Amino acid sequence: MRNSTPAWVRVPVLFFTIFLLMEFFIDSGDQPAFIAYPMTAYFLLLVLLLLIAIELILKSIENVMYQTLSEEAKARYNESKSDTWEWAWGKRMYQKLLGSRPIEEEGEIILDHNYDGIRELDNRLPPWWIYLFYITIIFGVAYLVRFHVFNDYNQSSEFEQEMAEARIAIEEYKKTAKDLVDANTVELLTEASDINAGKVIFETNCAVCHMNDGGGGIGPNLTDNYWILGGGIRNVFNTVSEGGRSGKGMVPWKSTLKPNEMAQVSSYILSMQGTTPANPKDPEGDIWIDENAPAEEIQVVSDSAAVEIIMEDEAVNPVEPEE
């Protein structure tokens, strides 16, 4: 006696077991494994469909071969099938959804025309196909009423809402992501770790033109209050990033340094303000005063600039002592 489990039982049980094993052995965090790893799930689903297709093909071949058997062989085959272990309710449900006639009754639905000896059966559409067609009609009507009659859901408004939320999330992320700073969002860094990192970058890339102490050589003096392209963290950052505006002099460093590194070296350059280099270069550019700085700092810079102007004027036009 043959004892075999039908394919409609074997295949789902096999794949249910596989998915359980995925959940136990694949670390997918809070999500199910087949959601965290969709490609694996798609592959298993493809294999499942392939096995079902193979099972249907084998069933069709079995039906064709059945027609070639003698009456005695058909009786033995039917007897063996009756001894096969199958779930009766599942088999009945399968036959009901399939809606096909038994092979023994196919003679009743053969059409009277043929094509070179090939006869055609007048089979009805399978019930599962008809039910699925009705479901799609119901779904289409419900979709039309909800989204186009009552306008319960609007894709355009949802898109605008999600884009607004995304912009807010990006702005929040930029506040904490140093590598996303630019000339408009950069802020002066005061942490010792950032200043030390900026010093290393300066001595590696900038000291060749500005000297290690910032006194200037080929490039201008970075320790005084005179700036060719503007002072302050944003102007300095922009100069480091874009280089000289006329295409001469300083090269742009944006392709070499990361935004965070440019912010560090810019902050280090500003930390050298007021220091005394060994051989300071003569001032170049204009005095720059940060209008957003506290009034006390503006006054100090203004007084210092006035002293420098007086000293320069006396150097050009020395005052003769009175007799």
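Computed from a predicted model, the values in this text were never measured in an experiment. (Residues numbered from 1 in each chain as written. Predicted model: local features only at pLDDT ≥ 70, side-chain atom pairs only at ≥ 80, totals over all residues. Heavy atoms only, no water.)

Examining the overall build of the chain
Link 1 in the chain: A tally of regular secondary structure across the chain gives eleven helices and four strands.
Link 2 in the chain: Looking at the chain as a whole, 22% of its 323 residues qualify as buried.
Link 3 in the chain: Here the analysis covers contacts within the chain between residues at least 6 apart in sequence; of these, 60% occur between residues at least 24 apart.
Link 4 in the chain: Just so you have it, the chain exposes about 23,900 Å², and 60% of that area is on carbon and sulfur atoms. (Helix = DSSP H or I, 4+ residues; strand = E, 2+ residues; numbered from the N terminus. Buried < 20%, exposed > 50% of the residue type's maximum accessible area, 1.4 Å probe, protein only. Contact = heavy atoms within 4.5 Å. Areas by Shrake-Rupley, 256 points an atom, 1.4 Å probe, with all protein chains shown as cover.)

Things to note about the pairing of strand 2 (residues 118–121)
Side chains on a regular strand alternate between the two faces of the sheet.
Link 1 in the chain: The pairing of strand 1 (residues 110–115) with strand 2 spans three bridges and is antiparallel. Within strand 2, the position partnered with I110 by the bridge is L121.
Link 2 in the chain: In this structure, the hairpin formed by strand 1 and strand 2 is closed by a connection of two residues, where D116 is found at a positive phi of approximately 55°. (Pairing = 2+ DSSP bridges.)

So, the confidence of the model for the chain
Link 1 in the chain: Residues with a pLDDT of 70 or more make up 69% of the chain, whose mean pLDDT is 76.
Link 2 in the chain: Predicted confidence for residues 296–303 stays below pLDDT 50, and this span has eight contacts to residues more than four positions away or in other chains.
Link 3 in the chain: Contacts of residues 306–319 to residues separated by more than four positions or lying in other chains number five contacts, the stretch itself having pLDDT below 50. (pLDDT = per-residue confidence, 0-100.)

Thoughts on the packing of helix 9 (residues 232–242) against helix 10 (residues 259–271)
Link 1 in the chain: For the pair helix 9 and helix 10, the least separation of the axes is 9 Å and the interaxial angle reads 125°. Between helix 9 and helix 10, the angle is such that the two are oblique. Two packed elements cross with a definite hand, and for helix 9 against helix 10 that hand is right-handed. Mapping the contact onto sequence places G232, I233, V236, F237, V240 and S241 in helix 9 and P259, M262, A263, V265, S266, S267, I269 and L270 in helix 10. (Axes fitted to C-alpha atoms, helices over the stretch in contact; angles between N-to-C directions. Parallel < 35°, antiparallel > 145°, perpendicular 65-115°, else oblique. Left-handed = near helix turned anticlockwise from the far one by under 90°.)

Considering the side chain of D224
Link 1 in the chain: Mapped onto the secondary structure, D224 falls in the loop between helix 8 (192–210) and strand 3 (226–227).
Link 2 in the chain: Polar contacts involving the side chain of D224 include one to the main-chain amide nitrogen of Y226, which spans 3.1 Å.
Link 3 in the chain: In contact with D224, not counting residues within four places along its chain, are Q273 and P283. (Polar contact = N/O pair within 3.5 Å; in protein donor to acceptor, adjacent residues only side chain to side chain.)

Here's the deal with the state of the cysteines
Link 1 in the chain: Under the criterion given, the structure shown has zero disulfides.
Link 2 in the chain: For C206, which is in no disulfide, the shortest distance to another cysteine sulfur is to C209 and amounts to 8.4 Å.
Link 3 in the chain: Here C206 falls in the buried class, since its relative accessible area comes to 12%.
Link 4 in the chain: What makes C209 partly exposed here is its relative accessible area of 28%. (Disulfide = S-S within 2.5 Å.)

Focus: the environment of P252
Link 1 in the chain: If you trace the backbone, P252 turns up in the loop between helix 9 and helix 10.
Link 2 in the chain: Residues P252 and E242 lie ten residues apart in sequence; the distance between their C-alpha atoms is 4.4 Å.
Link 3 in the chain: Apart from the residues lying within four places of it in its own chain, the contact partners of P252 are V240, S241, E242 and G243.

Quick word on the pattern of salt bridges
Link 1 in the chain: Tallied over the entire structure, the rule returns three salt bridges.
Link 2 in the chain: The salt bridge involving R76 is made with E72; its shortest N-O contact spans 3.1 Å. With R76 and E72 both in helix 4 (residues 71–82) and four residues apart, the pair spans about one turn of that helix.
Link 3 in the chain: Judged by relative accessible area, which is 56%, E72 ranks as exposed.
Link 4 in the chain: For K254, the salt bridge goes to E242, with nearest N and O atoms at 3.0 Å. A residue pair is termed long-range when its members are at least 10 positions apart, and K254 in the loop between helix 9 and helix 10 and E242 in helix 9 qualify at twelve residues.
Link 5 in the chain: In this structure K254 comes out as partly exposed when scored by relative accessible area, which is 48%. (Salt bridge = Lys/Arg side-chain N within 4 Å of Asp/Glu carboxyl O.)

Some thoughts on the packing of aromatic side chains
Any two aromatic rings considered together are summarised by their centre-to-centre distance and by the angle between their planes.
Link 1 in the chain: A complete count under the given rule lists four aromatic pairs for this structure.
Link 2 in the chain: Ring geometry for F139 versus Y143: centroids 6.2 Å apart, planes at 35°, classification tilted. Of the two residues, F139 and Y143 are both situated in helix 6 (residues 127–149); the distance of four residues between them amounts to about one turn of the helix.
Link 3 in the chain: The partly exposed category is assigned to Y143, whose relative accessible area is 36%.
Link 4 in the chain: Three or more aromatic residues joined by ring pairs make a cluster, and in this case those are W129, F133 and Y134. (Phe/Tyr/Trp six-rings, centres within 6.5 Å; stacked < 30°, edge-to-face > 60°.)

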